[in-house]
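# Close look at the chain arrangement
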Amino acid sequence: MILQNNKEPLLDVQHLKKYFPVTGSLGRLGGIKGQVKAVNDVSFQLFAGETYGLVGESGSGKSTTGRTVLRLTESTDGKVFYNKQNIFELSKREMRSVRKDLQMVFQDPFSSLNPRIRIGHTIEEPLAIHSLADGNERRERVFEMLNKVGMQSEHYYRYPHEFSGGQRQRLGLARALIVNPKIVICDEPVSALDVSIQSQVINLLKQMQTELNLTYLFITHDISVVRHISDRIGVMYLGRLVEEAQTDSLFQSPLHPYTQALFSAVPGRGKNRERIVLKGEIPSPLNPPTGCVFHTRCPHAMEICKVNIPEKREMSPKHYVACHLY
Ligand SMILES: Nc1ncnc2c1ncn2[C@@H]1O[C@H](COP(=O)(O)OP(=O)(O)O)[C@@H](O)[C@H]1O
Ligand SMILES: [Mg+2]
């Protein structure tokens, strides 16, 4: 936990947009038929040492936000400031040194990797890419990192299939941390794990954060997980951030009707909180509703909600909501 008062943010995401073109049946030859507005004008800041949770239903644009910030996919619009530079304006070469500082951990980090490559080689690869150490030193650093994440040096020589899901997540973290990053974007890192294993991995993430002074953007659809790990939370719906607050404030008084519905679905929320069941499905981001994107499912929708996009307002210190009710 840290206090962020008036400190400069470590990462400053401003008006981020990512639209995916949708082509006809002939692919690009068929022409562009529309755009999936996966991320639509999202702004938030990460402060050194904190964990910022990004939560929302599947399809709300969380992963695309993470990937676009890291330029794993190019943005449609917006700016991301890191070290006073807009990283969207950096050349490929300039981007390489920034990329070392900004790492990503995925749900199943080894699913896409060659099953015949020893785990140690996978973990040390980023050191080679960033020319950070040579052969022997690389191996030493991997041994050290394996021990840090609760694994053993001899695991260096094993293959991905020899590890459980929880162990693989430890190894994925080792690969991300080997280059000494400043910020780690964790995209559903525990969502595929059993609950008991989830807390082990979350505890490891917290321990690494303190030890290595890391800042996390933690992406998840899981309310309990996001509550457990985050200092601050942003709630996403259909490509937009609808509410943002410190964790306690958000859970004590969720303001946006979407946040209220999302939280009401979590068991054990107390007797006086009735479950709010939203009507209908989350609309397609290909054709998002006008005005407030939530108005088609909102129990409190008014005429203005169909027309005007609500501005974000600060309702109590650091508690922001974008909703016409306020
Ligand atoms: N490469 C892509 N091409 C087209 N649409 C995409 C692509 N990646 C994601 N989308 C769409 O963008 C929206 C947001 O997806 P995503 O960021 O994965 O959401 P989340 O991580 O919150 O589940 C979804 O409607 C998804 O189908
Ligand atoms: Mg996702």
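Residues numbered from 1 in each chain as written. Chains lettered and ligands numbered in written order. Predicted model: local features only at pLDDT ≥ 70, side-chain atom pairs only at ≥ 80, totals over all residues. Heavy atoms only, no water.

Per the counting criterion, the structure on display carries 7 aromatic pairs. Between Tyr-237 and Tyr-258, the aromatic rings sit 4.7 Å apart at their centres with planes inclined by 55°, giving tilted as the arrangement. Of this pair, Tyr-237 sits in strand E9 (residues 232-237) while Tyr-258 is found in helix H9 (residues 257-264), placing the two residues 21 residues apart along the sequence. In textbook terms, an aromatic cluster arises when at least three aromatic residues are bridged by ring pairs, as seen for Phe-143, Tyr-156 and Tyr-157. Sitting over the face of the ring of Tyr-320, Lys-312 holds its NZ or CZ atom 4.6 Å from the ring centroid. (Phe/Tyr/Trp six-rings, centres within 6.5 Å; stacked < 30°, edge-to-face > 60°. Helix = DSSP H or I, 4+ residues; strand = E, 2+ residues; numbered from the N terminus. Lys NZ or Arg CZ within 6 Å of the ring centre and 35° of its normal.)

Below, the discussion takes up the site of ligand 1. As a structural note, the neighbourhood of ligand 1 is formed by Phe-20, Val-36, Ala-38, Glu-57, Ser-58, Gly-59, Ser-60, Gly-61, Lys-62, Ser-63, Thr-64 and Pro-285. A distance of 3.0 Å is found between an oxygen atom of ligand 1 and a backbone nitrogen or oxygen belonging to Gly-61. Coverage of ligand 1 by the protein chains reaches 61% of its 560 Å² of free accessible surface. At the level of elements, strand E2 (27-46) and helix H1 (62-69) are the ones that each hand at least two residues to the shell around ligand 1. Grouping the constituent residues of the shell around ligand 1 by class yields 4 nonpolar, 6 polar and 2 charged. (Near = heavy atom within 4 Å. Polar contact = N/O pair within 3.5 Å; in protein donor to acceptor, adjacent residues only side chain to side chain. Areas by Shrake-Rupley, 256 points an atom, 1.4 Å probe, with all protein chains shown as cover. Nonpolar A, V, L, I, M, F, W, Y, C, P; charged D, E, K, R; others polar.)

Turning our eyes to something else, we now look at the packing of helix H3 (residues 119-129) against helix H5 (residues 165-177). Helices that pack against each other are described as a pair by the angle of their axes relative to one another and the distance between those axes. For the pair H3 and H5, the least separation of the axes is 7 Å and the interaxial angle reads 30°. The angle between the axes of H3 and H5 places the two elements in the roughly parallel class. On H5, the residues that touch Ile-119, Thr-122, Ile-123, Glu-125 and Pro-126 of H3 are Leu-171, Ala-174 and Arg-175. (Axes fitted to C-alpha atoms, helices over the stretch in contact; angles between N-to-C directions. Parallel < 35°, antiparallel > 145°, perpendicular 65-115°, else oblique. Contact = heavy atoms within 4.5 Å.)

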